[in-house]
Amino acid sequence: MSKQCHEVDYEIKGHSMQLVEVELDPHETVIAEAGAMTYMEEGIHFEARMGDGSEPDSGFFGKLVGAGKRVLTGESIFMTHFSNQGAGKQRVSFAAPYPGTILAIDLNEHGGELICQKDSFLAAAMGTSVSMRFNRKLGTGFFGGEGFILQSLQGDGMAFVHAGGTLIKKELNGETLRVDTGCLVGFAAGIDYDIERSGSLKSMVFGGEGLFLATLSGHGTVWLQSLPFSRMADRIIGHAPSMGGSDRGEGSVLGGIGRMLDGR
């Protein structure tokens, strides 16, 4: 069976704020979310297209259906295609909009599919299908937060996803793992995903861990993130002066005195 996806080389650079540099041979292409590109060399040309390009013969209606599905995930209708139209190897790089870790995954080594949070996809080799995936159980949708509409990345090449903070890899061999829904980055196709209540009514209201947890069970790999963007954004907004927070240093004695003097 011939390989569906382009065979791209890559290098992940940095530590806490990573980017991935993809090396393309002539006529090779990588697809990416709009706005993810950081820099590209002279031979790289890019074009915004409707769809991921995995089914070039699908026609306009097929591309329109795929674009509509992306709208439901909260993503842009268009994806950007970066192609090497030069004579030699050329490079293009991508980075996420907030600090974290980039996961490079060979889909061929994980059954040809990765299921991930809708905002974690960064880029992938041309030929990768990027589509939405609904969980079988509606309870997951109503209470799972980020976990209702997931993205399915299918193919036999490289895909790159982003995790906020530190990336954690877990291997499940029939066990069940309970996770904060926002901390889930992605999992292999053999993992079963559902929602359960986080505990007693008291724990749900006062525990600070949310009302529901994601449960992952089966056999395969699960990737988690230590700092979901939603959690970081909540902290930033909560400390903004316009929301009643303070614009002075949290650990500053002078800041505490200043708040006392101006009545805060």
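Residues numbered from 1 in each chain as written. Predicted model: local features only at pLDDT ≥ 70, side-chain atom pairs only at ≥ 80, totals over all residues. Heavy atoms only, no water.

> Can you help me understand the pairing of strand 10 (residues 121-125) in this one?
The side chains of a regular strand alternate between the sheet's two faces. For strand 10, the buried fraction is high: 5 of the 5 residues fall into the buried class. By the bridge criterion, 3 bridges tie strand 3 (residues 29-32) to strand 10 in an arrangement that is antiparallel. Counted as the bridge partner of V30 is A125 from strand 10. (Buried < 20%, exposed > 50% of the residue type's maximum accessible area, 1.4 Å probe, protein only. Helix = DSSP H or I, 4+ residues; strand = E, 2+ residues; numbered from the N terminus. Pairing = 2+ DSSP bridges.)

> Help me understand the sheet that holds strand 2 (residues 19-24) in this model?
The strands making up a sheet associate through backbone hydrogen bonding, with each pair oriented either parallel or antiparallel. Strand order across the open sheet formed by 4 strands is 1-2-7-4, with antiparallel pairing between neighbours. Edge positions in the sheet fall to strand 1 (9-13) and strand 4 (37-40), since each has one partner strand and no second. When the angles between neighbouring strand axes are averaged without regard to direction, this sheet yields 20°. (Axes fitted to C-alpha atoms, helices over the stretch in contact; angles between N-to-C directions.)

> What is the right way to read the sheet that holds strand 8 (residues 100-106) from this model?
Strand order in the open sheet made by the 6 strands is 5-6-3-10-13-8, with antiparallel pairing throughout. Across the chains shown, the open sheet's two edge strands, defined by having one partner strand only, are strand 5 (44-50) and strand 8. Strand-to-strand twist across the sheet, computed as the mean angle between neighbouring axes with direction ignored, equals 20°. Sheet topology note: the strand 3/strand 6 (residues 78-84) ladder contains 4 bridges and is antiparallel. The residue of strand 6 that forms the bridge with V30 is F82.

> Help me understand the side chain of E113 in this model?
Along the chain, E113 falls in strand 9 (residues 113-117). Within the structure, E113 has its side chain in polar contact with the side chain of S152 (distance 2.5 Å). Aside from chain neighbours lying at most four places away, what touches E113 is L107, R133, S152, L153, Q154, A188 and A189. (Polar contact = N/O pair within 3.5 Å; in protein donor to acceptor, adjacent residues only side chain to side chain. Contact = heavy atoms within 4.5 Å.)

> Please clarify how the nonpolar core should be interpreted in this entry.
Grouped together as the largest cluster of nonpolar side chains are 19 residues, with contacts concentrated most on V22, V92 and F94. One finds M79, F121, M126 and V161 within the second-largest nonpolar core, a separate group that totals 17 residues. (Core = buried A, V, L, I, M, F, W, Y, C linked by side-chain atoms within 4.5 Å.)

> How should the pattern of salt bridges be read in this particular structure?
Between side chains of opposite charge, a pair can form as their charged atoms come close. On inspection of all chains with the given rule, the structure shows 8 salt bridges. The salt bridge involving E21 is made with R91; its shortest N-O contact spans 3.7 Å. Of the two residues, E21 is situated in strand 2 and R91 in strand 7 (residues 90-95); the sequence distance between them amounts to 70 residues. R91 gets classed as partly exposed once you look at its relative accessible area, which sits at 28%. E23 is paired through a salt bridge with K89; the nearest N and O atoms lie 3.9 Å apart. Here K89 lies in the loop between strand 6 and strand 7 and E23 lies in strand 2, a separation of 66 residues in the sequence. Through salt bridges with shared partners, a single ionic network connects K13, E21, E23, D25, E41, K89 and R91. (Salt bridge = Lys/Arg side-chain N within 4 Å of Asp/Glu carboxyl O.)

> Looking at this structure, I do not really get the side chain of T221. What am I missing?
Tracing the sequence through the fold places T221 in strand 17 (residues 212-225). Overall, the relative accessible area of 5% leaves T221 in the buried class. Within the structure, T221 has its side chain in polar contact with the side chain of E171 (distance 2.9 Å). Contact partners of T221, with chain neighbours within four places excluded, come to H110, K169, K170, E171, F187, A188 and I191.

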